Amino acid sequence: MALAAILLASCSTPDAFSPEAQEFLDAYTTTYKALGYESAEAEWALNTRIVPGDTTASARANAANEAYAAFTGSVENIETAREWLSRADELSDLQTRQFEQILYVAANSPQTVPDVVTDRIALETELTERLFGFDFQMDGRSVTPNEIDRVLRESDDLEARLAAWNASKEVGRTLKEGVADVRHLRNQTVQALGYDDYFAYQVSDYGMTSDEMSTLMDQVMEDLYPLYREIHTWARYHLAERYGADVPDLLPAHWLPNRWAQDWGSLVTVEGADIGSALESWTAEDIVRRSEEFYVSMGFGEMPETFWDKSSLYPLPADAPYRKNNHASAWHMDLEDDVRSLMSVENDPGWYETSHHELGHIYYYMSYTNPDVPPLLRGGANRGFHEAVGSLLGLAALQPPFLQEVGLLPADAPEPGVEALLKEALNYVVFIPFSAGTMMQFERDLYAEELPADEFNARWWQYAEEYQGVVPPSPRDGDLADATTKTHIVNDAAQYYDYAVSQLILFQLHDHIARNILGQDPHATNYYGSTEVGDFLKTVLTPGATVDWRELLQETTGGGLSAGPMVAYFEPLMAYLQEVNQGRTYTLPEPGM
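Worth saying up front: this structure is predicted, and the values here are computed from it rather than measured. (Residues numbered from 1 in each chain as written. Predicted model: local features only at pLDDT ≥ 70, side-chain atom pairs only at ≥ 80, totals over all residues. Heavy atoms only, no water.)

Draft legend 1. How the structure looks around the packing of helix H2 (residues 19–48) against helix H4 (residues 75–85). Interhelical geometry of H2 versus H4 gives an angle of 150 degrees and a closest axis separation of 12 Å. Here H4 runs roughly antiparallel to H2, going by the angle between their axes. Seen from above, H2 lies across H4 with left-handed handedness. Judged by residue contacts, Glu20, Ala21, Phe24 and Tyr28 of H2 engage Asn77, Thr80 and Trp84 from H4. Looking at the contact of H2 with H4, its residues break down into four nonpolar, two polar and one charged. (Axes fitted to C-alpha atoms, helices over the stretch in contact; angles between N-to-C directions. Helix = DSSP H or I, 4+ residues; strand = E, 2+ residues; numbered from the N terminus. Parallel < 35°, antiparallel > 145°, perpendicular 65-115°, else oblique. Left-handed = near helix turned anticlockwise from the far one by under 90°. Contact = heavy atoms within 4.5 Å. Nonpolar A, V, L, I, M, F, W, Y, C, P; charged D, E, K, R; others polar.)

Spelled out as C-alpha coordinates, the structure:
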(Lines give C-alpha, C1' and ligand atoms only; values in the text may rest on other atoms or scores of the structure.)
Protein backbone atom coordinates (compact mmCIF):
# COMPACT_ATOMS: atom_id res chain seq x y z
CA MET A 1 0.00 0.00 0.00
CA ALA A 2 1.40 3.44 -0.93
CA LEU A 3 2.25 5.78 1.92
CA ALA A 4 -0.33 8.37 0.87
CA ALA A 5 -3.09 5.76 1.03
CA ILE A 6 -1.96 4.62 4.48
CA LEU A 7 -2.07 8.16 5.82
CA LEU A 8 -5.53 8.75 4.40
CA ALA A 9 -6.76 5.52 5.96
CA SER A 10 -5.37 6.34 9.42
CA CYS A 11 -8.09 7.22 11.89
CA SER A 12 -7.61 6.95 15.63
CA THR A 13 -10.48 6.36 18.04
CA PRO A 14 -11.18 8.90 20.79
CA ASP A 15 -9.76 7.78 24.13
CA ALA A 16 -7.86 4.89 22.50
CA PHE A 17 -4.28 4.25 23.59
CA SER A 18 -1.95 1.33 22.96
CA PRO A 19 0.80 0.62 25.55
CA GLU A 20 2.44 -1.72 23.05
CA ALA A 21 2.57 0.96 20.41
CA GLN A 22 3.88 3.46 22.96
CA GLU A 23 6.71 1.12 23.86
CA PHE A 24 7.82 1.12 20.23
CA LEU A 25 7.41 4.90 19.94
CA ASP A 26 9.51 5.50 23.06
CA ALA A 27 12.31 3.28 21.84
CA TYR A 28 12.20 4.80 18.36
CA THR A 29 12.25 8.33 19.78
CA THR A 30 15.34 7.64 21.92
CA THR A 31 17.38 6.49 18.94
CA TYR A 32 15.87 9.12 16.64
CA LYS A 33 16.93 11.93 18.95
CA ALA A 34 20.45 10.58 19.48
CA LEU A 35 21.17 10.06 15.78
CA GLY A 36 19.45 13.30 14.87
CA TYR A 37 21.62 15.22 17.32
CA GLU A 38 24.81 13.80 15.88
CA SER A 39 23.58 14.62 12.36
CA ALA A 40 22.74 18.17 13.43
CA GLU A 41 26.15 18.63 15.06
CA ALA A 42 27.88 17.40 11.92
CA GLU A 43 25.79 19.67 9.71
CA TRP A 44 26.45 22.57 12.07
CA ALA A 45 30.19 22.05 11.70
CA LEU A 46 29.80 21.75 7.93
CA ASN A 47 28.00 25.12 7.79
CA THR A 48 30.07 27.08 10.30
CA ARG A 49 33.64 25.98 9.57
CA ILE A 50 34.33 25.39 5.89
CA VAL A 51 38.04 24.85 5.30
CA PRO A 52 39.01 24.61 1.62
CA GLY A 53 40.54 21.23 0.90
CA ASP A 54 39.69 19.78 4.32
CA THR A 55 37.26 16.86 4.02
CA THR A 56 36.96 16.18 7.76
CA ALA A 57 33.66 18.01 8.19
CA SER A 58 32.09 16.50 5.10
CA ALA A 59 33.20 12.98 6.10
CA ARG A 60 31.66 13.44 9.53
CA ALA A 61 28.44 14.80 8.04
CA ASN A 62 28.21 11.92 5.58
CA ALA A 63 28.70 9.33 8.31
CA ALA A 64 26.20 10.97 10.67
CA ASN A 65 23.58 11.47 7.98
CA GLU A 66 23.98 7.92 6.72
CA ALA A 67 23.47 6.55 10.24
CA TYR A 68 20.40 8.74 10.71
CA ALA A 69 19.02 7.72 7.31
CA ALA A 70 19.67 4.02 7.95
CA PHE A 71 17.59 4.18 11.12
CA THR A 72 14.74 6.47 10.04
CA GLY A 73 14.40 4.72 6.71
CA SER A 74 14.87 1.17 7.97
CA VAL A 75 12.56 -1.46 6.51
CA GLU A 76 11.67 -2.60 10.03
CA ASN A 77 10.56 0.88 11.11
CA ILE A 78 8.58 1.39 7.90
CA GLU A 79 6.80 -1.93 8.27
CA THR A 80 6.08 -1.38 11.98
CA ALA A 81 4.63 2.08 11.35
CA ARG A 82 2.51 0.77 8.49
CA GLU A 83 1.22 -2.06 10.66
CA TRP A 84 0.21 0.24 13.49
CA LEU A 85 -1.46 2.72 11.14
CA SER A 86 -3.53 -0.14 9.72
CA ARG A 87 -4.78 -0.59 13.32
CA ALA A 88 -5.24 3.12 13.99
CA ASP A 89 -8.48 2.53 15.86
CA GLU A 90 -6.32 1.19 18.70
CA LEU A 91 -4.20 4.36 18.83
CA SER A 92 -4.59 7.77 20.39
CA ASP A 93 -4.44 10.80 18.11
CA LEU A 94 -0.91 11.60 19.33
CA GLN A 95 0.23 8.04 18.64
CA THR A 96 -1.28 8.12 15.15
CA ARG A 97 0.42 11.43 14.37
CA GLN A 98 3.77 10.05 15.52
CA PHE A 99 3.50 6.95 13.33
CA GLU A 100 2.56 9.15 10.38
CA GLN A 101 5.64 11.26 11.09
CA ILE A 102 7.83 8.15 11.22
CA LEU A 103 6.62 7.16 7.76
CA TYR A 104 7.00 10.69 6.41
CA VAL A 105 10.60 10.89 7.61
CA ALA A 106 11.28 7.38 6.30
CA ALA A 107 10.28 8.40 2.80
CA ASN A 108 13.21 10.82 2.75
CA SER A 109 15.72 8.00 3.17
CA PRO A 110 14.09 4.56 2.73
CA GLN A 111 16.51 1.69 3.16
CA THR A 112 14.60 -0.18 0.50
CA VAL A 113 16.96 1.78 -1.80
CA PRO A 114 20.05 2.12 0.43
CA ASP A 115 22.55 2.87 -2.34
CA VAL A 116 20.40 5.75 -3.62
CA VAL A 117 20.18 7.23 -0.13
CA THR A 118 23.93 6.95 0.43
CA ASP A 119 24.71 8.60 -2.90
CA ARG A 120 22.21 11.36 -2.23
CA ILE A 121 23.64 12.18 1.19
CA ALA A 122 27.19 12.35 -0.16
CA LEU A 123 26.17 14.62 -3.03
CA GLU A 124 24.09 16.93 -0.83
CA THR A 125 27.08 17.36 1.48
CA GLU A 126 29.35 18.10 -1.46
CA LEU A 127 26.97 20.69 -2.90
CA THR A 128 26.64 22.43 0.47
CA GLU A 129 30.42 22.75 0.67
CA ARG A 130 30.61 24.03 -2.90
CA LEU A 131 27.93 26.65 -2.37
CA PHE A 132 29.07 28.04 0.97
CA GLY A 133 32.77 27.57 0.35
CA PHE A 134 32.69 29.37 -2.98
CA ASP A 135 35.20 32.16 -3.50
CA PHE A 136 33.14 35.08 -4.83
CA GLN A 137 35.31 37.49 -6.82
CA MET A 138 34.96 41.10 -7.96
CA ASP A 139 37.72 42.94 -9.80
CA GLY A 140 40.10 40.09 -9.07
CA ARG A 141 39.60 40.09 -5.30
CA SER A 142 37.60 37.88 -3.01
CA VAL A 143 34.38 39.37 -1.62
CA THR A 144 31.81 38.14 0.87
CA PRO A 145 28.10 37.74 0.10
CA ASN A 146 27.49 40.64 2.50
CA GLU A 147 29.72 42.87 0.34
CA ILE A 148 27.86 41.86 -2.82
CA ASP A 149 24.55 42.58 -1.14
CA ARG A 150 25.77 45.98 0.02
CA VAL A 151 26.65 47.01 -3.55
CA LEU A 152 23.21 45.94 -4.77
CA ARG A 153 21.47 47.79 -1.95
CA GLU A 154 23.43 51.02 -2.10
CA SER A 155 25.30 51.67 -5.35
CA ASP A 156 23.96 53.92 -8.13
CA ASP A 157 26.75 52.83 -10.47
CA LEU A 158 25.22 50.39 -12.96
CA GLU A 159 28.61 48.97 -13.92
CA ALA A 160 29.43 48.21 -10.30
CA ARG A 161 25.97 46.73 -9.81
CA LEU A 162 26.35 44.52 -12.85
CA ALA A 163 29.75 43.31 -11.64
CA ALA A 164 28.32 42.45 -8.23
CA TRP A 165 25.28 40.71 -9.69
CA ASN A 166 27.40 38.68 -12.11
CA ALA A 167 29.78 37.74 -9.30
CA SER A 168 26.88 36.41 -7.25
CA LYS A 169 25.87 34.02 -10.07
CA GLU A 170 29.22 32.44 -10.87
CA VAL A 171 28.77 29.73 -8.24
CA GLY A 172 25.96 28.34 -10.40
CA ARG A 173 28.53 26.92 -12.82
CA THR A 174 29.87 24.66 -10.08
CA LEU A 175 26.42 23.49 -8.95
CA LYS A 176 24.47 22.89 -12.16
CA GLU A 177 25.22 19.24 -12.87
CA GLY A 178 25.25 18.34 -9.18
CA VAL A 179 21.77 19.76 -8.68
CA ALA A 180 20.50 17.75 -11.65
CA ASP A 181 22.00 14.61 -10.15
CA VAL A 182 20.75 15.23 -6.62
CA ARG A 183 17.28 15.99 -8.00
CA HIS A 184 17.21 12.53 -9.57
CA LEU A 185 18.36 10.91 -6.32
CA ARG A 186 15.78 12.80 -4.26
CA ASN A 187 13.03 11.65 -6.59
CA GLN A 188 14.19 8.05 -6.37
CA THR A 189 14.19 8.06 -2.56
CA VAL A 190 10.58 9.21 -2.14
CA GLN A 191 9.27 7.23 -5.08
CA ALA A 192 10.32 4.12 -3.17
CA LEU A 193 7.48 4.86 -0.73
CA GLY A 194 4.85 5.78 -3.26
CA TYR A 195 5.28 9.52 -3.92
CA ASP A 196 5.25 10.81 -7.48
CA ASP A 197 8.32 12.99 -7.00
CA TYR A 198 10.21 14.96 -4.37
CA PHE A 199 8.11 18.09 -4.82
CA ALA A 200 4.93 16.07 -4.22
CA TYR A 201 6.54 14.56 -1.12
CA GLN A 202 7.36 17.93 0.38
CA VAL A 203 3.92 19.38 -0.39
CA SER A 204 2.25 16.38 1.28
CA ASP A 205 3.46 17.73 4.64
CA TYR A 206 0.54 20.19 4.31
CA GLY A 207 -1.94 17.42 3.55
CA MET A 208 -2.10 18.74 -0.02
CA THR A 209 -1.23 17.58 -3.53
CA SER A 210 1.09 19.45 -5.88
CA ASP A 211 -1.90 20.67 -7.88
CA GLU A 212 -3.65 21.89 -4.73
CA MET A 213 -0.58 23.82 -3.63
CA SER A 214 -0.18 25.32 -7.10
CA THR A 215 -3.82 26.37 -7.10
CA LEU A 216 -3.44 28.00 -3.70
CA MET A 217 -0.33 29.90 -4.78
CA ASP A 218 -2.03 30.99 -8.03
CA GLN A 219 -4.91 32.39 -5.99
CA VAL A 220 -2.55 34.29 -3.70
CA MET A 221 -0.79 35.85 -6.67
CA GLU A 222 -4.11 36.69 -8.32
CA ASP A 223 -5.28 38.44 -5.14
CA LEU A 224 -2.10 40.52 -4.92
CA TYR A 225 -1.44 41.00 -8.64
CA PRO A 226 -3.17 44.39 -9.11
CA LEU A 227 -0.99 45.89 -6.38
CA TYR A 228 2.16 44.17 -7.65
CA ARG A 229 1.49 45.57 -11.13
CA GLU A 230 1.39 49.07 -9.69
CA ILE A 231 4.59 48.46 -7.71
CA HIS A 232 6.37 47.08 -10.78
CA THR A 233 5.39 50.14 -12.82
CA TRP A 234 6.49 52.49 -10.05
CA ALA A 235 9.85 50.67 -9.76
CA ARG A 236 10.60 50.88 -13.49
CA TYR A 237 10.21 54.65 -13.52
CA HIS A 238 11.82 55.20 -10.12
CA LEU A 239 14.93 53.21 -10.98
CA ALA A 240 15.29 54.67 -14.47
CA GLU A 241 15.40 58.12 -12.90
CA ARG A 242 17.82 56.96 -10.21
CA TYR A 243 20.26 55.47 -12.73
CA GLY A 244 19.77 58.10 -15.45
CA ALA A 245 18.57 55.47 -17.90
CA ASP A 246 15.63 54.90 -20.22
CA VAL A 247 12.58 53.31 -18.64
CA PRO A 248 12.78 49.56 -19.36
CA ASP A 249 9.78 47.42 -20.28
CA LEU A 250 10.86 44.83 -17.72
CA LEU A 251 13.20 45.24 -14.79
CA PRO A 252 16.84 44.26 -15.37
CA ALA A 253 17.83 42.02 -12.48
CA HIS A 254 20.96 43.99 -11.59
CA TRP A 255 18.89 47.16 -11.12
CA LEU A 256 17.22 45.61 -8.09
CA PRO A 257 18.63 45.55 -4.55
CA ASN A 258 18.55 41.78 -4.08
CA ARG A 259 20.40 39.00 -5.89
CA TRP A 260 17.14 37.20 -6.74
CA ALA A 261 14.85 40.25 -7.00
CA GLN A 262 12.85 38.95 -4.04
CA ASP A 263 13.03 42.04 -1.78
CA TRP A 264 13.12 45.64 -3.01
CA GLY A 265 12.63 47.31 0.35
CA SER A 266 15.84 49.32 0.27
CA LEU A 267 14.59 51.29 -2.76
CA VAL A 268 12.73 53.52 -0.33
CA THR A 269 14.05 55.42 2.67
CA VAL A 270 11.23 56.75 4.78
CA GLU A 271 12.08 60.22 6.03
CA GLY A 272 12.17 60.29 9.79
CA ALA A 273 11.88 56.49 9.96
CA ASP A 274 15.35 55.35 8.91
CA ILE A 275 16.87 53.39 11.78
CA GLY A 276 20.24 52.91 10.13
CA SER A 277 21.90 55.89 11.80
CA ALA A 278 20.43 54.99 15.20
CA LEU A 279 21.76 51.45 14.86
CA GLU A 280 25.29 52.81 14.43
CA SER A 281 25.41 53.21 18.22
CA TRP A 282 24.43 49.54 18.66
CA THR A 283 26.85 46.68 18.30
CA ALA A 284 25.94 43.50 16.45
CA GLU A 285 25.60 41.79 19.85
CA ASP A 286 23.26 44.56 21.00
CA ILE A 287 20.95 43.72 18.11
CA VAL A 288 20.69 40.06 19.10
CA ARG A 289 20.37 40.83 22.82
CA ARG A 290 17.67 43.41 22.21
CA SER A 291 15.84 40.91 20.02
CA GLU A 292 15.78 38.51 22.97
CA GLU A 293 14.56 41.33 25.20
CA PHE A 294 11.57 41.85 22.90
CA TYR A 295 10.38 38.27 23.47
CA VAL A 296 11.09 38.41 27.18
CA SER A 297 8.98 41.59 27.45
CA MET A 298 5.99 39.60 26.20
CA GLY A 299 6.39 36.92 28.86
CA PHE A 300 8.73 34.45 27.17
CA GLY A 301 11.75 33.17 29.07
CA GLU A 302 15.36 34.05 28.37
CA MET A 303 17.25 31.88 25.96
CA PRO A 304 19.52 29.23 27.44
CA GLU A 305 23.12 30.23 27.97
CA THR A 306 24.13 27.54 25.48
CA PHE A 307 22.47 29.61 22.75
CA TRP A 308 25.07 32.31 23.28
CA ASP A 309 27.93 29.85 23.71
CA LYS A 310 27.22 27.62 20.71
CA SER A 311 25.58 29.85 18.09
CA SER A 312 27.51 31.46 15.22
CA LEU A 313 26.01 34.93 15.20
CA TYR A 314 28.52 37.33 13.66
CA PRO A 315 30.69 37.62 10.52
CA LEU A 316 34.03 35.89 10.56
CA PRO A 317 37.15 38.03 10.90
CA ALA A 318 38.66 38.99 7.57
CA ASP A 319 41.72 36.83 8.28
CA ALA A 320 39.77 33.75 9.36
CA PRO A 321 41.29 30.60 7.81
CA TYR A 322 37.82 29.19 7.04
CA ARG A 323 34.43 30.27 5.73
CA LYS A 324 30.86 29.89 6.95
CA ASN A 325 27.36 29.83 5.53
CA ASN A 326 26.15 33.44 5.62
CA HIS A 327 22.50 32.54 5.16
CA ALA A 328 20.59 33.14 8.41
CA SER A 329 18.99 30.09 10.02
CA ALA A 330 17.79 28.71 13.34
CA TRP A 331 18.57 25.20 14.56
CA HIS A 332 16.83 22.91 17.08
CA MET A 333 19.78 20.62 17.53
CA ASP A 334 18.50 17.94 19.92
CA LEU A 335 14.73 18.58 20.00
CA GLU A 336 15.31 19.65 23.60
CA ASP A 337 17.21 22.66 24.95
CA ASP A 338 20.10 23.00 22.50
CA VAL A 339 18.90 25.82 20.26
CA ARG A 340 21.25 27.82 18.04
CA SER A 341 21.26 30.41 15.30
CA LEU A 342 23.60 30.83 12.37
CA MET A 343 23.82 34.46 11.25
CA SER A 344 26.36 37.11 10.29
CA VAL A 345 24.81 40.02 12.15
CA GLU A 346 26.03 43.54 11.47
CA ASN A 347 24.51 46.72 12.89
CA ASP A 348 22.28 47.55 9.95
CA PRO A 349 18.49 47.48 9.48
CA GLY A 350 18.52 44.26 7.46
CA TRP A 351 20.23 42.26 10.16
CA TYR A 352 18.11 43.99 12.82
CA GLU A 353 14.97 42.55 11.20
CA THR A 354 16.63 39.20 10.52
CA SER A 355 17.71 38.83 14.13
CA HIS A 356 14.14 39.28 15.37
CA HIS A 357 12.98 36.83 12.72
CA GLU A 358 15.47 34.09 13.59
CA LEU A 359 14.75 34.38 17.29
CA GLY A 360 11.10 33.83 16.41
CA HIS A 361 12.13 30.35 15.25
CA ILE A 362 14.12 29.84 18.42
CA TYR A 363 11.18 30.75 20.64
CA TYR A 364 8.95 28.45 18.60
CA TYR A 365 11.41 25.62 19.34
CA MET A 366 11.46 26.49 23.01
CA SER A 367 7.66 26.75 23.22
CA TYR A 368 6.86 23.33 21.81
CA THR A 369 9.63 21.67 23.76
CA ASN A 370 7.27 20.69 26.56
CA PRO A 371 5.93 17.44 28.06
CA ASP A 372 2.69 17.59 26.08
CA VAL A 373 4.48 17.50 22.73
CA PRO A 374 6.34 14.26 21.91
CA PRO A 375 9.75 14.91 20.31
CA LEU A 376 8.54 13.45 17.02
CA LEU A 377 5.94 16.23 16.84
CA ARG A 378 8.22 19.10 17.86
CA GLY A 379 7.81 21.05 14.68
CA GLY A 380 5.60 23.82 13.40
CA ALA A 381 1.89 23.21 12.84
CA ASN A 382 3.10 23.29 9.25
CA ARG A 383 6.42 24.51 7.90
CA GLY A 384 4.84 27.82 6.94
CA PHE A 385 3.84 28.47 10.54
CA HIS A 386 7.51 28.52 11.53
CA GLU A 387 8.35 31.16 8.95
CA ALA A 388 5.18 33.09 9.78
CA VAL A 389 6.16 33.46 13.43
CA GLY A 390 9.66 34.65 12.53
CA SER A 391 8.33 37.11 9.96
CA LEU A 392 5.58 38.29 12.30
CA LEU A 393 8.07 39.37 14.93
CA GLY A 394 10.32 40.84 12.24
CA LEU A 395 7.38 42.97 11.07
CA ALA A 396 6.43 43.91 14.63
CA ALA A 397 10.00 44.99 15.35
CA LEU A 398 9.85 47.53 12.53
CA GLN A 399 6.53 49.18 13.42
CA PRO A 400 7.08 52.84 14.39
CA PRO A 401 5.57 52.72 17.93
CA PHE A 402 7.83 49.77 18.76
CA LEU A 403 10.88 51.53 17.30
CA GLN A 404 10.10 54.51 19.52
CA GLU A 405 9.76 52.18 22.50
CA VAL A 406 13.28 50.80 22.02
CA GLY A 407 14.88 54.15 21.18
CA LEU A 408 15.50 53.62 17.47
CA LEU A 409 13.11 56.43 16.57
CA PRO A 410 12.63 59.66 18.53
CA ALA A 411 9.44 60.01 20.52
CA ASP A 412 8.42 62.98 18.36
CA ALA A 413 9.02 61.19 15.06
CA PRO A 414 6.30 62.02 12.52
CA GLU A 415 3.62 59.44 11.93
CA PRO A 416 4.54 57.24 8.98
CA GLY A 417 2.87 58.10 5.70
CA VAL A 418 2.18 56.06 2.63
CA GLU A 419 5.91 55.80 1.84
CA ALA A 420 6.34 53.57 4.89
CA LEU A 421 3.64 51.29 3.52
CA LEU A 422 5.37 51.31 0.13
CA LYS A 423 8.62 50.23 1.76
CA GLU A 424 6.85 47.33 3.46
CA ALA A 425 5.12 46.35 0.22
CA LEU A 426 8.49 46.32 -1.55
CA ASN A 427 9.39 43.57 0.89
CA TYR A 428 6.21 41.59 1.50
CA VAL A 429 4.21 42.03 -1.72
CA VAL A 430 7.21 41.83 -4.03
CA PHE A 431 8.23 38.58 -2.38
CA ILE A 432 5.03 36.73 -3.36
CA PRO A 433 5.64 36.50 -7.14
CA PHE A 434 9.14 35.20 -6.39
CA SER A 435 8.17 32.65 -3.75
CA ALA A 436 4.74 31.54 -5.00
CA GLY A 437 5.65 31.92 -8.67
CA THR A 438 9.26 31.76 -9.85
CA MET A 439 10.69 29.52 -7.14
CA MET A 440 7.70 27.23 -6.72
CA GLN A 441 7.10 26.66 -10.42
CA PHE A 442 10.79 26.13 -11.14
CA GLU A 443 11.14 23.55 -8.36
CA ARG A 444 7.95 21.78 -9.37
CA ASP A 445 9.28 21.48 -12.93
CA LEU A 446 12.70 20.49 -11.62
CA TYR A 447 11.30 17.43 -9.85
CA ALA A 448 8.04 16.58 -11.59
CA GLU A 449 9.49 16.96 -15.10
CA GLU A 450 13.09 15.93 -14.27
CA LEU A 451 14.05 19.22 -15.96
CA PRO A 452 17.38 18.73 -17.81
CA ALA A 453 20.31 20.78 -16.56
CA ASP A 454 20.76 22.54 -19.90
CA GLU A 455 17.21 23.93 -19.53
CA PHE A 456 17.65 25.27 -15.98
CA ASN A 457 18.48 28.83 -16.94
CA ALA A 458 15.89 29.19 -19.68
CA ARG A 459 13.11 27.91 -17.41
CA TRP A 460 14.24 30.03 -14.46
CA TRP A 461 14.23 33.24 -16.47
CA GLN A 462 10.97 32.30 -18.18
CA TYR A 463 9.31 32.25 -14.76
CA ALA A 464 11.14 35.34 -13.48
CA GLU A 465 9.79 37.28 -16.47
CA GLU A 466 6.29 35.78 -16.24
CA TYR A 467 5.75 36.20 -12.52
CA GLN A 468 8.08 39.03 -11.49
CA GLY A 469 8.54 41.05 -14.67
CA VAL A 470 12.31 40.68 -14.20
CA VAL A 471 14.87 39.82 -16.89
CA PRO A 472 18.63 39.16 -16.80
CA PRO A 473 20.96 42.05 -17.69
CA SER A 474 21.90 40.23 -20.91
CA PRO A 475 21.55 36.74 -22.38
CA ARG A 476 22.93 34.21 -19.92
CA ASP A 477 25.80 31.81 -20.59
CA GLY A 478 24.49 28.26 -21.06
CA ASP A 479 27.00 26.96 -18.52
CA LEU A 480 25.36 29.00 -15.77
CA ALA A 481 22.51 27.86 -13.54
CA ASP A 482 21.25 31.00 -11.84
CA ALA A 483 18.48 29.19 -9.95
CA THR A 484 21.02 27.04 -8.11
CA THR A 485 22.64 30.07 -6.51
CA LYS A 486 19.59 30.22 -4.23
CA THR A 487 20.56 28.17 -1.19
CA HIS A 488 17.10 26.58 -0.91
CA ILE A 489 17.54 24.79 -4.24
CA VAL A 490 20.55 23.00 -2.78
CA ASN A 491 19.66 22.29 0.82
CA ASP A 492 16.02 23.20 1.57
CA ALA A 493 14.60 21.73 -1.56
CA ALA A 494 11.03 21.92 -2.86
CA GLN A 495 9.77 23.91 0.13
CA TYR A 496 9.93 27.54 -0.94
CA TYR A 497 6.15 27.96 -1.09
CA ASP A 498 6.48 27.70 2.72
CA TYR A 499 7.50 31.34 2.69
CA ALA A 500 4.46 32.43 0.71
CA VAL A 501 2.16 30.46 3.02
CA SER A 502 3.96 32.03 5.95
CA GLN A 503 3.20 35.54 4.72
CA LEU A 504 -0.51 34.79 4.60
CA ILE A 505 -0.37 33.42 8.14
CA LEU A 506 1.80 36.35 9.26
CA PHE A 507 -0.76 38.95 8.23
CA GLN A 508 -3.63 36.92 9.67
CA LEU A 509 -1.87 36.70 13.02
CA HIS A 510 -0.81 40.36 12.95
CA ASP A 511 -4.29 41.55 12.02
CA HIS A 512 -5.78 39.55 14.90
CA ILE A 513 -3.20 40.85 17.39
CA ALA A 514 -3.58 44.48 16.29
CA ARG A 515 -7.36 44.63 16.16
CA ASN A 516 -8.50 42.10 18.77
CA ILE A 517 -5.75 42.15 21.40
CA LEU A 518 -4.04 45.54 21.24
CA GLY A 519 -6.86 47.58 19.70
CA GLN A 520 -4.32 49.32 17.48
CA ASP A 521 -3.95 50.22 13.83
CA PRO A 522 -2.24 47.22 12.13
CA HIS A 523 0.21 49.71 10.57
CA ALA A 524 1.27 51.16 13.93
CA THR A 525 1.44 48.52 16.64
CA ASN A 526 3.63 47.98 19.65
CA TYR A 527 3.83 44.41 20.95
CA TYR A 528 6.54 45.35 23.46
CA GLY A 529 5.63 44.47 27.03
CA SER A 530 2.24 42.99 26.13
CA THR A 531 1.86 39.71 27.96
CA GLU A 532 -1.56 39.39 26.29
CA VAL A 533 0.21 39.21 22.94
CA GLY A 534 2.69 36.78 24.44
CA ASP A 535 -0.11 34.57 25.76
CA PHE A 536 -1.78 34.56 22.33
CA LEU A 537 1.48 33.63 20.63
CA LYS A 538 2.00 30.80 23.10
CA THR A 539 -1.37 29.32 22.11
CA VAL A 540 -0.06 29.26 18.54
CA LEU A 541 3.44 28.00 19.32
CA THR A 542 3.07 25.54 22.20
CA PRO A 543 1.13 22.73 20.45
CA GLY A 544 3.80 22.21 17.80
CA ALA A 545 2.60 19.61 15.29
CA THR A 546 0.16 17.90 17.67
CA VAL A 547 -2.82 19.65 16.02
CA ASP A 548 -4.03 20.11 12.47
CA TRP A 549 -2.69 23.41 11.13
CA ARG A 550 -6.03 24.38 9.58
CA GLU A 551 -7.83 23.92 12.90
CA LEU A 552 -5.13 25.88 14.75
CA LEU A 553 -5.43 28.79 12.34
CA GLN A 554 -9.21 28.78 12.59
CA GLU A 555 -9.19 28.61 16.39
CA THR A 556 -6.58 31.34 16.88
CA THR A 557 -7.60 33.86 14.20
CA GLY A 558 -11.19 32.91 13.46
CA GLY A 559 -10.56 32.21 9.78
CA GLY A 560 -9.00 29.83 7.27
CA LEU A 561 -5.90 30.56 5.22
CA SER A 562 -6.53 33.69 3.17
CA ALA A 563 -4.73 36.57 1.48
CA GLY A 564 -7.50 38.87 2.70
CA PRO A 565 -5.69 40.39 5.72
CA MET A 566 -2.56 41.00 3.62
CA VAL A 567 -4.55 42.67 0.84
CA ALA A 568 -6.39 44.80 3.41
CA TYR A 569 -3.13 45.84 5.08
CA PHE A 570 -1.81 47.32 1.83
CA GLU A 571 -5.12 48.72 0.58
CA PRO A 572 -4.17 52.36 1.34
CA LEU A 573 -1.13 51.98 -0.89
CA MET A 574 -3.13 51.02 -3.98
CA ALA A 575 -4.81 54.39 -4.48
CA TYR A 576 -1.50 56.20 -3.92
CA LEU A 577 0.34 54.17 -6.56
CA GLN A 578 -2.48 54.50 -9.09
CA GLU A 579 -2.20 58.25 -8.75
CA VAL A 580 1.61 58.23 -9.00
CA ASN A 581 1.48 55.98 -12.06
CA GLN A 582 -1.02 58.09 -13.99
CA GLY A 583 0.29 58.68 -17.51
CA ARG A 584 2.89 55.92 -17.23
CA THR A 585 3.04 52.86 -19.45
CA TYR A 586 2.17 49.55 -17.83
CA THR A 587 4.08 46.60 -19.24
CA LEU A 588 2.64 43.80 -17.13
CA PRO A 589 -0.72 42.51 -18.42
CA GLU A 590 -4.04 43.71 -17.08
CA PRO A 591 -5.36 41.57 -14.18
CA GLY A 592 -7.07 38.46 -15.48
CA MET A 593 -5.27 38.44 -18.82
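Draft legend 2. Looking closely at helix H7 (residues 145–154). Residues of H7 that are buried: Pro145, Asn146, Ile148, Asp149 and Leu152. Viewed along the axis of H7, the buried residues span an arc of 160 degrees, placing them on a single side of the element. Tucked inside the fold, the buried residues of H7 contact strand S1 (137–138), helix H8 (158–169) and helix H15 (349–368). (Buried < 20%, exposed > 50% of the residue type's maximum accessible area, 1.4 Å probe, protein only. Arc of directions from axis to C-beta.)

Draft legend 3. Just the packing of aromatic side chains, in detail. The final tally for this structure, using the stated rule, is 41 aromatic pairs. An angle of 70 degrees between the planes, with centres 6.3 Å apart, marks the rings of Tyr365 and Tyr368 as edge-to-face. Of the two residues, Tyr365 and Tyr368 both sit in helix H15, three residues apart, roughly one turn of that helix. The two residues Tyr365 and Tyr368 agree in class, both being buried. Grouping aromatic residues by their ring pairs yields a cluster made of Phe24, Tyr28, Tyr32, Tyr68, Phe71, Trp84 and Phe99. The side chain of Arg289 reaches across the aromatic face of Trp308, ending 3.6 Å from its centre. (Phe/Tyr/Trp six-rings, centres within 6.5 Å; stacked < 30°, edge-to-face > 60°. Lys NZ or Arg CZ within 6 Å of the ring centre and 35° of its normal.)

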